[in-house]
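Fold and contact review
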Amino acid sequence: MTPILNEQSVQSFVDFARQHTFVALLGVVLPILVFCVFVGYPIVYTIYLSFFDWNGMTPTKHFIGLANYVYLFHDKYFYVALVNNFKWLAVTLLFPVTVGFLIAYVMRARLVYGAAFLRTVVFFPVTMSLIAVGLMFLLILNPLFGAFDDVLRAIGLGFLVREWFGDYRIALYTLAFVSGWAFTGLPMVFYFAGLGDVPKETMDAARIEGAGHLRMMWSVALPQLRPVTAVVVMLTIFESLKAFDLVAVMTRGAPFGTTNVLGYLVYLETFWNSRFGYGATLSVAILVVSIALATLVLSRLLKGAFDV
Amino acid sequence: MSDYSAAPPPTPLAFALRTAPKVTATIIMLALAAVWLGPIILIVMTSIKSNEAFLAGPFALPTSPTLAPYFSVWASMQFGTLLANSLLYATVGSALAVLLALVPAFGLSRMEVPGKRIIFGLLLTGLMLPQQTVLIPLYDTLRALNLLDTRIGLIIVHGAYGMPAQVLILRGFMTAIPREIEKAAYLEGASDFQIFWKVMLPLSLPGILVGYTLNFIAIWKEFVFALVFLNHEANFPVTVGMLKLNSDRYMAVFNLPAAGLVISQIPIIILFILTYRQLSGGNFVGAVKG
């Protein structure tokens with residue numbers, strides 16, 4: 001990798017700025033400034049704070065070196081939250097992404113009547129706030145008055161009925177599925193647009209060769225959609241790592257902290273327990289996990305899809 | 001079909017056989033649609049039930065619909081204030097995001113800006129970054145500037161965080177605008193600013209509207225920043241104010257929380273009806289694909 005700022009690049013920017021002062025100032029310097037103030041500086045400051053003990057109120061902060069990190073590696077709530085984030089990610093990759101792709105394919109291949117209706121219905125929750133979605137499913141999944149258990153019993157699956165939020169073994173999956181319900185429209189729209197770009201000849205050729213729809217999806221559509229899949233997977237990863245709203249409105253980490261996720265743990269430690277330093281350490285952990293996952297996806301799935 | 005006489009008129013049976021697979025698939029898809037539509041219908045139904053009707057079960061039709069839960073929850077939750085706040089944050093915050101994004105999008109779509117790759121990298125970082133990783137410093141900065149727990153502070157944060165997506169969306173639209181007009185304008189001696197102001201801005205108005213709408217929805221949904229940066233209920237947007245609905249006081253009978261959450265989504269529903277063709281068609285996807 002070449003250094004980001006060398007003499008040559010500075011010189012070429014100066015030349016550019018002479019010719020296009022307006023664009024250089026408002027189109028290059030301004031966004032970089034906004035980035036520095038709202039993203040760059042906060043990230044650096046978060047890393048800095050993670051070496052301190054600070055309650056967020058006092059003017060002085062105590063430098064404690066790596067103590068926060070040592071604590072982090074012994075914090076069982078951290079591990080629970082970290083694993084929960086990965087479970088959340090697994091559910092989100094399996095349920096909304098797969099279903100979103102299937103719906104998009106079925107609509108593009110014109111396999112059903114009323115596809116536009118389905119698309120609208122599945123996309124609508126994307127526009128809903130997760131707080132509203134969470135409240136909605138608190139009502140739907142309520143053990144006494146909820147509709148979901150009634151539906152299960154009516155179709156003969158009554159034995160599946162659980163305490164959707166009370167059972168510590170499944171509460172997290174309940175949240176992840178609710179999040180998936182609200183998220184499905186997004187992968188669907190991305191795949192729908194992506195499938196529109198797959199040349200019709202390719203699809204027709206495969207049809208004539210006698211490929212069934214499963215084969216078409218797997219061997220024709222998906223390979224062509226690699227860049228779309230990369231974007232969708234990236235979105236999914238960050239959506240899962242950001243998980244917060246549903247936890248805040250539905251369980252607040254209960255039962256026994258088993259539905260804590262990293263994002264919620266940062267909030268609890270920082271603003272409820274007034275441990276700003278440790279909160280920052282947890283933030284750094286989120287950052288490290290996001291960078292690791294993003295690098296993995298970018299190197300595996302996506303060679304050059306973000307090239308501009 | 002060029003030769004009508006050759007084809008026998010389709011008998012009902014033949015028609016049924018031909019369309020059977022598609023009908024079956026449609027039925028499966030309808031069941032799937034019910035997974036998404038069902039909960040929403042049930043909630044709307046619950047929200048217009050009286051307390052007594054609610055006890056008849058979630059699937060009992062509201063035989064004597066009433067708007068009483070709406071009036072009750074509107075008054076006790078002060079939804080007027082909450083909605084006004086959300087509306088303020090979403091309209092002004094999105095406007096700020098679009099304003100910040102216009103010139104960068106213009107530059108990136110039309111010129112060989114040095115450091116293009118770096119700028120894209122920064123934009124994608126800003127777009128993807130989990131909010132929790134910057135929460136504490138932003139909180140600290142806002143406090144130092146006396147902007148904590150103020151509407152203007154939250155609007156500034158929303159504007160800054162809306163910008164990256166807006167640049168990518170607007171750049172997508174601007175790239176698609178043919179260059180003939182501006183070439184002519186350049187030959188006439190127009191400056192960059194004049195091209196931007198008189199040619200690009202009017203032509204990219206549809207793109208601006210799409211971007212603005214998406215940002216509006218994003219801010220309407222936003223929760224973490226508002227929860228952390230605001231303390232007074234008078235400043236709360238709908239998302240934060242609504243948390244109170246999940247309490248014993250409101251959860252005793254479901255018609256109140258149901259009505260509350262329908263109220264909270266009404267502006268978005270209106271926006272959705274007005275724009276869903278653009279949104280669900282994936283017009284913004286091309287921009288993100290880069």
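Details of the structure are given in the entry above.
An account of the accompanying structure is given in this report. (Residues numbered from 1 in each chain as written. Chains lettered and ligands numbered in written order. Predicted model: local features only at pLDDT ≥ 70, side-chain atom pairs only at ≥ 80, totals over all residues. Heavy atoms only, no water.)

**Things to note about the overall build of chain B**
Rules: Here a helix means four or more residues in a row that DSSP labels H or I, a strand means two or more in a row labelled E, and each is numbered from the N terminus. In this description the radius of gyration comes from C-alpha coordinates, and the expected globular size is given by 2.2 Å times residues to the power 0.38. Throughout this description, buried means an accessible area under 20% of the type-specific maximum (1.4 Å probe, protein chains only), exposed means over 50%, and partly exposed covers the range between. Contacts are assigned to residue pairs that have any heavy atoms within 4.5 Å of one another. Counting rule applied: Lys, Arg positive; Asp, Glu negative; His and chain ends not counted. A charge is said to be at NZ when it belongs to Lys, at CZ for Arg, at CG for Asp and at CD for Glu.
Helix and strand counts for chain B stand at 15 helices and zero strands. Taken over C-alpha atoms, the radius of gyration comes to 25 Å for chain B, far larger than the 19 Å a tight globule of 290 residues would show. Dimensions of chain B along its principal axes, counting C-alpha atoms only, are 75 × 70 × 30 Å. In chain B, which comprises 290 residues, the share counted as buried stands at 53%. For chain B, the proportion of contacts with a sequence separation of at least 24, taken over those separated by at least 6, is 74%. Of the side-chain charges in chain B, 17 are positive and 12 negative, and the distance between the mean point of each set is 5 Å.

**Remarks on the overall build of chain A**
Here is the rule: Here the Shrake-Rupley method, with its probe set to 1.4 Å, supplies the accessible areas, and only the displayed protein chains count as covering residues.
If you tally the helices and strands in chain A, you get 15 helices and two strands. A total of 308 residues make up chain A; the buried ones form 54% of that total. A separation of at least 24 residues holds for 67% of the contacts in chain A among residues at least 6 apart in sequence. Of the accessible surface of chain A, which amounts to about 14600 Å², a share of 67% is contributed by carbon and sulfur atoms.

**Describing the nonpolar core**
Put simply, the rule is: Residues grouped as a nonpolar core are buried Ala, Val, Leu, Ile, Met, Phe, Trp, Tyr and Cys residues, joined through side-chain atoms within 4.5 Å.
Counting 173 residues, the largest nonpolar core has Trp 88, Phe 137 and Met 250 of chain A together with Val 73, Tyr 161, Phe 229 and Met 242 of chain B as its most contacted members. With 13 residues, helix 4 (residues 79–110) of chain B is the single largest residue contributor to this core. Not counting residues up to four positions away in its chain, the partners in contact with Phe 137 of chain A are Asn 142, Phe 165, Val 178, Trp 181 and Met 250 of chain A together with Pro 39 of chain B.

**A short note on the interface of chain B and chain A**
Rules: When two components associate, each loses some accessible surface as probed by a 1.4 Å sphere; the sum of these losses over both components is called the buried area. Criterion for a salt bridge: a side-chain nitrogen of Lys or Arg within 4 Å of a carboxyl oxygen of Asp or Glu. Polar contacts, as counted here, are pairs of nitrogen or oxygen atoms within 3.5 Å of one another; within protein the pair requires one atom able to donate a hydrogen and one able to accept it, and residues that are adjacent in sequence qualify only if both atoms are side-chain atoms. Gly falls in the polar group here, along with every residue not listed as nonpolar (Ala, Val, Leu, Ile, Met, Phe, Trp, Tyr, Cys, Pro) or charged (Asp, Glu, Lys, Arg).
Taken residue by residue, the interface counts 94 residues in chain B and 99 residues in chain A. Where chain B abuts chain A, roughly 8500 Å² becomes buried across the two surfaces, and 79% of that area is made up of carbon and sulfur atoms. Per-residue buried area on chain B facing chain A is highest for Trp 36, Met 128 and Ile 136 of chain B; these three make up 10% of the total on that side. Joining chain B to chain A, the criterion identifies zero salt bridges. The tally of links from chain B across to chain A stands at twelve residue pairs in polar contact (both at pLDDT 80 or more). The element best represented in the side of chain B that touches chain A is helix 1 (residues 12–47) of chain B, accounting for 16 residues. Grouping the amino acids of the side of chain B that touches chain A by side-chain chemistry returns 68 nonpolar, 17 polar and nine charged.

**Digging into helix 9 (residues 185–197) of chain A**
All names here are of chain A. Counted only if it meets this: Every helix has an expected span of 1.5 Å times one less than the residues it contains.
Between its first and last C-alpha, helix 9 extends 19 Å over 13 residues, near the 18 Å set by a 1.5 Å rise per residue. Most of helix 9 is tucked away, with eleven of its 13 residues classed as buried. Listed in full, the buried residues belonging to helix 9 are Gly 185, Leu 186, Pro 187, Met 188, Val 189, Phe 190, Tyr 191, Phe 192, Ala 193, Gly 194 and Leu 195.

**Looking at a nonpolar patch on the surface**
To be explicit about the condition: Only residues whose relative accessible area exceeds 30% and that take part in no salt bridge are eligible for patches, with like-charged residues grouped when within 9 Å of each other and nonpolar side chains (Val, Leu, Ile, Met, Phe, Trp, Tyr) grouped when within 5 Å.
Side chains of Leu 25, Leu 26, Val 29 and Leu 33 of chain A sit close together on the surface and give an oily, nonpolar patch of about 330 Å² of accessible area. As for its placement among the helices and strands, Val 29 of chain A is situated in helix 2 (residues 21–49).

**Remarks on the packing of helix 14 (residues 262–272) of chain A against helix 15 (residues 276–300) of chain A**
All names here are of chain A. Keep this limit in mind: Axes, fitted as lines to C-alpha atoms, cover a helix only where it is in contact. Angles between the N-to-C directions of the axes lie from 0 to 180 degrees. An angle counts as roughly parallel when it lies under 35 degrees, as roughly antiparallel when it exceeds 145, as roughly perpendicular when it falls between 65 and 115, and as oblique in every other case. Rotating anticlockwise by less than a right angle from the far helix to the near helix defines a left-handed crossing, while the corresponding clockwise rotation defines a right-handed one.
Contact pair helix 14 / helix 15: the axes reach a minimum separation of 7 Å and the direction vectors enclose 165 degrees. Relative to helix 15, the element helix 14 lies roughly antiparallel. Note that helix 14 runs across helix 15; the crossing there is left-handed. Contact residues: Leu 262, Gly 263, Leu 265, Val 266, Glu 269, Thr 270 and Phe 271 in helix 14; Phe 276, Tyr 278, Gly 279, Leu 282, Ser 283 and Ile 286 in helix 15. For the contact of helix 14 with helix 15, the class distribution of residues is eight nonpolar, four polar and one charged.

**Some words on helix 5 (residues 116–128) of chain B**
The first and last C-alpha atoms of helix 5 of chain B sit 18 Å apart over 13 residues, in line with the 18 Å expected at 1.5 Å per residue. Of the residues making up helix 5 of chain B, those classed as buried are Lys 116, Ile 119, Phe 120, Leu 123, Leu 124, Gly 126 and Met 128 of chain B. Taken together, the buried residues of helix 5 of chain B touch helix 2 and helix 12 (226–241) of chain A together with helix 4 and helix 7 (151–175) of chain B.

**Some thoughts on the side chain of Thr 66 of chain B**
Residue and element names in this part refer to chain B. Tracing the backbone through its elements, the reader meets Thr 66 in the loop between helix 2 (51–54) and helix 3 (68–77). Looking at Thr 66, its side chain comes within polar contact range of the main-chain nitrogen of Ala 68, at 2.8 Å. Not counting the four nearest positions on each side in its chain, Thr 66 is found in contact with Ser 47, Ile 48, Lys 49 and Ser 50.

**Re the environment of Phe 52 of chain A**
Residues and elements named next belong to chain A. As for its position among the elements, Phe 52 is in strand 1 (residues 52–53). Here Phe 52 falls in the buried class, since its relative accessible area comes to 11%. Separated by 39 residues in the primary sequence, Phe 52 and Val 91 place their C-alpha atoms 36 Å from one another. Apart from the residues within four sequence positions on either side, Phe 52 is in contact with Lys 61, His 62, Phe 63, Ile 64, Asn 68 and Gly 277.

**Remarks on the packing of aromatic side chains**
Put simply, the rule reads: Aromatic pairs are defined between Phe, Tyr and Trp rings, using the six-membered ring for Trp, whenever the two ring centres lie within 6.5 Å; interplanar angles under 30 degrees are classed as stacked, those over 60 as edge-to-face, and all others as tilted. By the criterion adopted, a ring carries a charge over it if an Arg CZ or a Lys NZ lies within 6 Å of its centre and within 35 degrees of its normal.
For the coordinates displayed, the defined rule picks out 35 aromatic pairs over all chains. With a centroid separation of 5.4 Å and 80 degrees between ring planes, the pair formed by Phe 244 of chain A and Tyr 267 of chain A is classed as edge-to-face. Here Phe 244 of chain A is found in the loop between helix 12 and helix 13 (245–251), whereas its partner Tyr 267 of chain A is found in helix 14, with 23 residues between them in sequence. Relative to Tyr 267 of chain A, the ring of Tyr 264 of chain A lies with its centre 5.9 Å away and its plane at 40 degrees, an arrangement referred to as tilted. With a gap of three residues between them, Tyr 264 of chain A and Tyr 267 of chain A both fall in helix 14, about one helical turn apart. When sorted by exposure, Tyr 264 of chain A lands in the same class as Tyr 267 of chain A, which is buried. The ring of Trp 54 of chain A has Lys 61 of chain A lying over it, and the distance from NZ or CZ to the ring centre is 4.5 Å. Residue placement shows Lys 22 of chain B over the ring face of Tyr 113 of chain A; its charged tip is 4.6 Å from the ring centre.

**Structural notes on unusual backbone geometry**
Between Ala 254 of chain A and the following residue, Pro 255 of chain A, the backbone shows a cis peptide bond with an omega angle of -10 degrees. Structurally, Pro 255 of chain A can be placed in the loop between helix 13 and helix 14.

**Quick word on the pattern of salt bridges**
Residue and element names in this part refer to chain A. This structure, assessed with the given rule, holds nine salt bridges over all chains. One salt bridge in this structure joins Asp 150 and Arg 153, with 3.6 Å as the shortest N-O distance. Of this pair, Asp 150 and Arg 153 both sit in helix 7 (residues 147–154), three residues apart, roughly one helical turn. On the basis of relative accessible area, Asp 150 is assigned to the partly exposed category, the value being 31%. Here Arg 153 falls in the partly exposed class, since its relative accessible area comes to 47%. Asp 204 is the salt-bridge partner of Lys 200, the closest N and O atoms lying 3.2 Å from each other. Taken together, the residues Lys 200 and Asp 204, both in helix 10 (residues 200–208) and four residues apart, mark about one turn of the helix. We classify Lys 200 as exposed; its relative accessible area is 57%.

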